[in-house]
Every structure is written in structure tokens, then in C-alpha cells.
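Here is what each chain is made of, one letter per residue.
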Amino acid sequence: MAKVIAIDGPSGAGKSSVSRIVAQKLGFLHVDSGALYRIVTWQALENGIDTKSPEAVAQFCETVDIECRPENGRIAYYVGSVQPGENIRKPEINAHASHVASVKEVRDKVTALLRGMVKYGGLVVEGRDITTAVFPDASARFYLTASAEARAMRRQKEEVEKGIANQTAEEVKKSLLARDSIDSSRKYAPLKKADGAIEIDSSNLTLDEVVQIVYNSSSEALGLRGFFMGRNILLGITGSIAAYKAVELLRLFVKNGDNVKVVMTKAAAEFVQPLTFSTLSRNPVSIDEFAPVKQWNVEHVDLATWADFVVVAPATANTIAKMSCGIADNLLLSVLL
Ligand code: DC
């Protein structure tokens, strides 16, 4: 089962930066749910739809085809073959997005897209209703907030830095508060702190401090049986017995949602191949079962900088030890099999 970390909160509380970094640390995919509402809004405006008419928006949203796929540690969105980019970050989108996001049909569509993403592995999802409506059973849930002044200052700085707009902090604050009010008072899935969610006020915290709180609570909640969570692992084994054990190890990674990346030495690959899984394993397995564990051929990876752990069978330990110890100080050699 994929693991989900859910982070809600008002605009400008720092959700995006925190989610992105925590996802990277956990080896999870970052999911910006607000971008999906922005895409529907952008498309509606491009097509001259009245965003204040729930009926018009509901009807129009059926026609918007959004493709979601994992790319560089996040879920990327495409409309046709186009990535929306900064088109969806402009102030005019902000003004209309809250209205579009109030429409039930839009929320249903976005919720279905978000829930479908668990097939890609562990997720850190940020938004307004992730902890309450989309993933109420998430492994860890956070409500990230900050004073209106702190949020407005951050957003304004971001807009100027990215060259998206040149509003004053006061103008940004006005627009934030207007959106907060619509987002929190709407009928369907309004923004609110979920019971049991961990509340973090980031007004006087640095980004690093917030990341630490979210990361520590998340890894604790995930139980980090995933000692290997998000790690890069070199599987260097030979022999059928070791291969059998390696299959069990891969199974454990998948079960824990560890999201590890595994490379194999050539010799290991010969023993631990999808086809041999079924003959070696007591319970026959299918290739799909191991899809969340990414496997590459060892030749494509610079081991010196890539591997966090080397998992070896005793028989191959010497060879691998020689190979790895010569090239990387930080390589931890684990003889597990
Ligand atoms: O986080 P953001 O500013 O990119 O969000 C854009 C709009 O979408 C904002 O009006 C809130 C809304 N939204 C929502 O209703 N539910 C979510 N899960 C995420 C965003």
C-alpha cells in the first residue's frame, strides 16, 4: 500500500517548499493539488467561461483533460502535450481559482486524480482538503499555517523573484485573505484543520525548522521499518539462495512503501530477474509486484556518489567490499543475506 503524507493550510504558509523537501528526503513524490485547481481555472479563462457560474464551470471541467505522471520527484501535469508552467501562477488565476475550486464537480474530478496517484508510490500531497477529504487516512497529517502578514510577505517576494507580478505586500495580503475566506467557507471540503492533524505555525520558524518537524513526525508515523526509506541500494549477490532472499527483501521494501531504488550487479541480475522470481520464491510473484522498487542495471550508475547501502551475500562480500571501499567513504556495507 502506498504511503501518503498530507499537508493542508492556507496560501503562503510554506506548504510547497516544505512538501517538496520532505518528499525528497523520504524518497516520495511531491504532489501540488492546488495546481490542478489552477489548471481548470486557467483553461476555463482561456475558453471564456464565467468562473462565477458553478453550472458553467461544472460542465466545462468535464472537457479538461489533465494527464498526471511522475517526473523528477514530483507528479507533473500536462494539458494535451503542454505543461502549464507559470501560466497558472498569475494573479488573475488566483482571483478566479477559489470560485472554480468551490464547484463540486471540479473537486470530484481533482480528488479522483489525486487518489489515482498512489499507484506511483509514496506521496507528499499538499492542499486544502487533503487531510480532511482526499486522504483522511494518510500516514501523517499536518496543518501548516502562519500569520497573514508573514504569508503575504513570502508570496509577494516569490512573485517578484519569479517575475510573475509586481504587487505590494498589502495587495497580496488582501488577495490572500479574500481567498482564505472563500476556501474556508465553501460548502464542499472547506479548508479547516482536521481533527488529529499536527498544527504548525510557521510565522517565526525557518524553512529548515518546519521541514525537520514534518520530516521527523512523518518518518515516525511511517514506522520507518523503512530503515531503507528513500535510499539507493546496490544489490550485489550471486547464487540462488541469496537471490531467493533478495526477493524477500524486495518484497519487504514494497510492503513498507520504502520507495528504495535498487541496482544490481550483473551477476545479481542474472539470479534475481523477474522471470526467476516465480521459480525461486515460495509464493509465485508477478513483475508488477515489484514495480514500486525501481531497478536499474548497475552499469548506468556512478556507485561512488549513488549508493547509500550495499546489500551483499557473504560469498560476494569480499568482492563488493573491495570495489566499494575503494571508491566511497560514505558507503555503508551491509551484509544482510
Ligand atoms: O495552493 P494554491 O494557491 O495553488 O491553490 C489554488 C486554489 O485551489 C485555492 O483557491 C485553493 C484551491 N485548493 C483547494 O480548494 N483544495 C486543494 N486541495 C488545493 C487547492
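What you are looking at is a predicted structure, and each value in this text was computed from that prediction instead of being measured. (Residues numbered from 1 in each chain as written. Predicted model: local features only at pLDDT ≥ 70, side-chain atom pairs only at ≥ 80, totals over all residues. Heavy atoms only, no water.)

### Things to note about the site of the ligand
Move 1: Close to the ligand lie 16 residues, the nearest being Arg 38, Arg 107, Arg 128, Asp 129 and Arg 186.
Move 2: Surface burial for the ligand is 98%, taken as the share of its 450 Å² of free accessible area covered by protein chains.
Move 3: Going through the elements one at a time, α2 (33–46), α4 (91–101) and α8 (169–185) are the ones with two or more residues in the shell around the ligand.
Move 4: Considering each element in turn, the shell around the ligand owes the most residues, four residues, to α2.
Move 5: Considered class by class, the residues forming the shell around the ligand number four nonpolar, four polar and eight charged. (Near = heavy atom within 4 Å. Areas by Shrake-Rupley, 256 points an atom, 1.4 Å probe, with all protein chains shown as cover. Helix = DSSP H or I, 4+ residues; strand = E, 2+ residues; numbered from the N terminus. Nonpolar A, V, L, I, M, F, W, Y, C, P; charged D, E, K, R; others polar.)

### As for the environment of Pro 70
Move 1: Mapped onto the secondary structure, Pro 70 falls in strand β3 (residues 66–71).
Move 2: Residue class for Pro 70 comes out partly exposed when judged on its relative accessible area of 34%.
Move 3: Separated by 41 residues in sequence, Pro 70 and Leu 29 place their C-alpha atoms 7.3 Å apart.
Move 4: Excluding residues within four positions of it along the chain, Pro 70 makes contact with Leu 29, Ile 75 and Tyr 120. (Buried < 20%, exposed > 50% of the residue type's maximum accessible area, 1.4 Å probe, protein only. Contact = heavy atoms within 4.5 Å.)

### Observations regarding the confidence of the model for the protein
Move 1: Confidence in the prediction for the protein averages 79 pLDDT; 66% of positions are at 70 or higher.
Move 2: Below pLDDT 50 for its whole length, residues 274–287 participates in 22 contacts with residues either more than four positions away or in separate chains.
Move 3: Across residues 296–300, where pLDDT falls below 50, the model places 13 contacts with residues more than four positions away in sequence or in other chains. (pLDDT = per-residue confidence, 0-100.)

### Re the nonpolar core
Move 1: Tyr 77, Val 106, Leu 114 and Met 117 are the most contacted members of the largest nonpolar core, which has 36 residues in total.
Move 2: Considering each element in turn, this core owes the most residues, seven residues, to α2.
Move 3: With 17 residues, the next largest nonpolar core counts Ile 5, Ala 13, Phe 28 and Phe 142 among its residues. (Core = buried A, V, L, I, M, F, W, Y, C linked by side-chain atoms within 4.5 Å.)

### Some thoughts on helix α9 (residues 207–221)
Move 1: In this model α9 runs 21 Å from its N-terminal to its C-terminal C-alpha over 15 residues, within 8% of the 21 Å that 1.5 Å per residue would give.
Move 2: Turning to α9, the residues buried within the fold contact β1 (4–8), α1 (15–26), β6 (140–145) and β7 (198–201). (Expected span 1.5 Å × (residues − 1).)

### Description of the packing of aromatic side chains
Move 1: Across all of its chains, the model carries zero aromatic pairs by this definition.
Move 2: Lying across the ring of Tyr 215, Lys 25 places its NZ or CZ 4.8 Å from the centre.
Move 3: Over the face of the ring belonging to Tyr 78 we find Arg 69, whose NZ or CZ atom lies 4.0 Å from the ring centre. (Phe/Tyr/Trp six-rings, centres within 6.5 Å; stacked < 30°, edge-to-face > 60°. Lys NZ or Arg CZ within 6 Å of the ring centre and 35° of its normal.)

### Some words on helix α5 (residues 104–116)
Move 1: When the terminal C-alpha atoms of α5 are compared, their 18 Å separation across 13 residues agrees well with the 18 Å that a helix rising 1.5 Å per residue should span.
Move 2: All buried positions along α5 are accounted for by Val 106, Arg 107, Val 110, Thr 111 and Leu 114. Viewed end-on, α5 has its buried residues packed into an arc of 125°, placing them on one side of the element.
Move 3: Elements that come into contact with the buried residues of α5 comprise β2 (29–32), α2, α3 (54–61), α4, β5 (123–127) and α6 (130–134). (Arc of directions from axis to C-beta.)

### Things to note about the environment of Leu 144
Move 1: Structurally, Leu 144 can be placed in strand β6.
Move 2: Taking the C-alpha atoms as reference, Leu 144 lies 6.1 Å from Asp 201; in sequence the two are 57 residues apart.
Move 3: Each residue touching Leu 144, except ones within four places of it in the same chain, is listed here: Ile 7, Asp 8, Gly 9, Pro 10, Ala 13, Gly 14, Lys 15, Val 18, Ile 200, Ser 202 and Val 210.

### What about the packing of α4 against α8?
Move 1: Here α4 crosses α8 at 10°, and the two axes come no closer than 9 Å. It follows that α4 is roughly parallel to α8 by the angle criterion. Between α4 and α8, the residues in contact are Asn 94, Ser 98 and His 99 and Arg 179, Ile 182 and Asp 183, respectively.
Move 2: Taken together, the residues of the contact of α4 with α8 break down into one nonpolar, three polar and two charged. (Axes fitted to C-alpha atoms, helices over the stretch in contact; angles between N-to-C directions. Parallel < 35°, antiparallel > 145°, perpendicular 65-115°, else oblique.)

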